[in-house]
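Per-entry structural report
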Amino acid sequence: MRAHVVGWGKYVPDRVLTNDDLARMVDTSDEWIVTRTGIRQRRIAEEGETTATMAVQAARQALEGAGVSPGQVDVIIVATATPDYLFPSTACLVQDALGATRAAAFDLAAGCTGFVYALAVAVAMVEAGAVRTALVIGSETLSRITDWTDRNTCVLFGDGAGAVVLQGGPDDGGVLSAVLSADGSGADLLMLPAGGSRLPASHHTVSERLHFIKMQGRDVFRFAVRVIPTATREVLRRAGLSPDDITLLIPHQANGRIIESAMKDLKLPPEKVYNNLERYGNTSAASIPVALCEAVEEGRLGPGDIVICVGFGAGLTWGAVAIRWTRPRPVAAPTWRQFLRRLIYLWAALRSWLRRLWWWIRT
Ligand code: ACO
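Residues numbered from 1 in each chain as written. Predicted model: local features only at pLDDT ≥ 70, side-chain atom pairs only at ≥ 80, totals over all residues. Heavy atoms only, no water.

**Focus: the packing of helix 8 (residues 217-238) against helix 9 (residues 256-265)**
To keep things clear, this is the line we draw: Orientation is described by lines fitted to C-alpha atoms, with helices fitted over the stretch in contact, and by angles between N-to-C directions that extend from 0 to 180 degrees. Strands are runs of DSSP state E lasting at least 2 residues, helices are runs of H or I lasting at least 4, and numbering of each runs from the N terminus. Angular relationships are summarised with four words: roughly parallel below 35 degrees, roughly antiparallel beyond 145, roughly perpendicular across 65 to 115, and oblique for the angles in between. Handedness of a helix crossing follows the sense of rotation of the near helix relative to the far helix, less than a right angle counterclockwise being left-handed and clockwise being right-handed. It only takes one pair of heavy atoms within 4.5 Å for two residues to be counted as in contact. Gly counts as polar in this scheme, as do all residues outside two lists: the nonpolar Ala, Val, Leu, Ile, Met, Phe, Trp, Tyr, Cys and Pro, and the charged Asp, Glu, Lys and Arg.
Here helix 8 crosses helix 9 at 40°, and the two axes come no closer than 9 Å. In terms of axis orientation, helix 8 runs oblique to helix 9. Taken as a pair, helix 8 and helix 9 cross one another with a handedness that is right-handed. For the pair helix 8 and helix 9, the contacting residues are Phe 221, Ala 224, Val 225, Ile 228, Pro 229 and Arg 233 in the first and Arg 257, Ile 258, Ser 261, Ala 262 and Asp 265 in the second. Tallied by class, residues from the contact of helix 8 with helix 9 come to seven nonpolar, one polar and three charged.

Put into structure tokens, the structure is as follows:
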């Protein structure tokens, strides 16, 4: 049994926050942000929009594209660092909103690597035969945990959601290999210090601004530059492939200079590396599925192509997934027998309804 990506969708809020807008809020400039990060603008959730509502939008698009009804979904995994609540899980809110009543649902926290982790877990479930159809979502409302007075971090992040539908099938291709890694000794390099069991919300945590992202940017940068090529080479090796086989590398969209460094290390030309940073900034667990969705929509992936999704983030965590792209398979058209059965059923229902109408007219 192989796990195939059969549907994809994305959602980004309408509201755009440009670098010039930010320059009016903190001591920064469009020039600094573009040269140091490659970001020009990001999307910010409107009031009322949350990680769950954006996830639902992306998921609906992915299900529709796949021709899969919510009732067919066996499991929903939402990768996020910004859940609607600590509990219940955002995945449960999504399950209810979609009407995916048969689906198990849980969140997965692996920072910006969340989507890659969630995809790998879903693939393992499909390959083990535990589920047939999985909905894997990366959704983030980072604007709600961004310190808009801290120029070191507020220029980086944005909101959005991306989703894929995975389905098991006997055909070759699909997800070929995955590699997941972590190094908890780097936990303090990127964190949200308060709001959990260690530092519950208090006047102190609020006044010290501990409910916002804290990041050692340079250390995270060095870590990212090291792990992207390592994870990419390892996932390729496990799939029996080499960097030359890559059609498209989709790295976590955190910083243009990190992406350039990975490109150089892996000796990949720019057309083989996806980059939409300038439009959305870093959307954490949403960045890879949003990029994947756009790459497909732009016609950059066709049957047989090799796409590598590689992520890194808080934890520290990193990981990659290698996919041999296969055409999304629409829901199988009904067989002749099913078609005839449905026709007979419809005719019987219509006849019974007409009889009742005739009886009602006569009496
Ligand atoms: N505007 C103007 N100046 C700024 C800004 C800003 N927005 N931010 C920082 N600076 C200043 C700093 O104060 C510093 O000034 P100083 O030299 O007088 O102290 C100077 O610019 C250089 O600062 P650096 O931190 O060295 O800048 P750097 O080139 O490293 O870029 C950045 C900073 C963009 C944050 C970079 O380190 C980076 O991208 N790191 C990785 C971040 C990342 O990917 N995080 C997400 C991980 S995934 C997840 O799970 C969320």
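**Some words on the layout of surface pockets**
Threshold: Definitions used throughout: a 1 Å grid over protein atoms alone; a cavity as a set of points that fits a 1.4 Å probe which cannot get out; a pocket as an open set with protein on both sides within 12 Å along at least five of seven lines; a lining residue as one with an atom within 4 Å of a point. Grid points are joined across faces, edges and corners, and a volume is the space filled by probe spheres set on the points.
Its volume calculated, the largest pocket comes out at about 1,100 Å³. Residue classes in the lining of the largest pocket are distributed as 20 nonpolar, 14 polar and four charged. Along the wall of the second largest pocket there are 25 residues; nearest its centre are Leu 156, Met 215, Gly 217, Arg 218 and Asn 255. Here the element with the most residues in the lining of the second largest pocket is helix 8; it accounts for five residues. Looking at the lining of the second largest pocket residue by residue, the class counts come to 12 nonpolar, eight polar and five charged.

**Section: the site of the ligand**
To keep it simple, the criterion reads: When at least one non-hydrogen atom of a residue lies within 4 Å of a molecule or strand, that residue is treated as near it. In protein, a polar contact means a hydrogen-donor-capable atom and an acceptor-capable atom, both N or O and within 3.5 Å, with residues adjacent in sequence counting only if both atoms are side-chain atoms; elsewhere, any N or O pair within 3.5 Å suffices. Calculation of accessible area relied on Shrake-Rupley with a 1.4 Å probe; when residues are assessed, cover is drawn exclusively from the protein chains displayed. In this description, a molecule resides in a pocket or cavity if more than half of its atoms sit within 2 Å of the grid points defining it.
Near the ligand, the surroundings consist of 26 residues, among which Thr 28, Arg 36, Cys 112, Arg 218 and Asn 255 are the closest. Separating an oxygen atom of the ligand from a side-chain N or O atom of Arg 218 is a distance of 2.5 Å. Contact between the ligand and Asn 255: an oxygen atom at 2.6 Å from a side-chain N or O atom of the residue. About the coverage of the ligand: the protein hides 78% of its 1,000 Å² of free accessible area. Of all the cavities here, the one that holds the ligand is the second largest pocket. Looking at the shell around the ligand, the elements that each hand over two or more residues are helix 2 (30-37), helix 6 (151-154), helix 8, helix 9 and strand 12 (306-313). A breakdown of the residues in the shell around the ligand according to their chemical character gives 13 nonpolar, eight polar and five charged.

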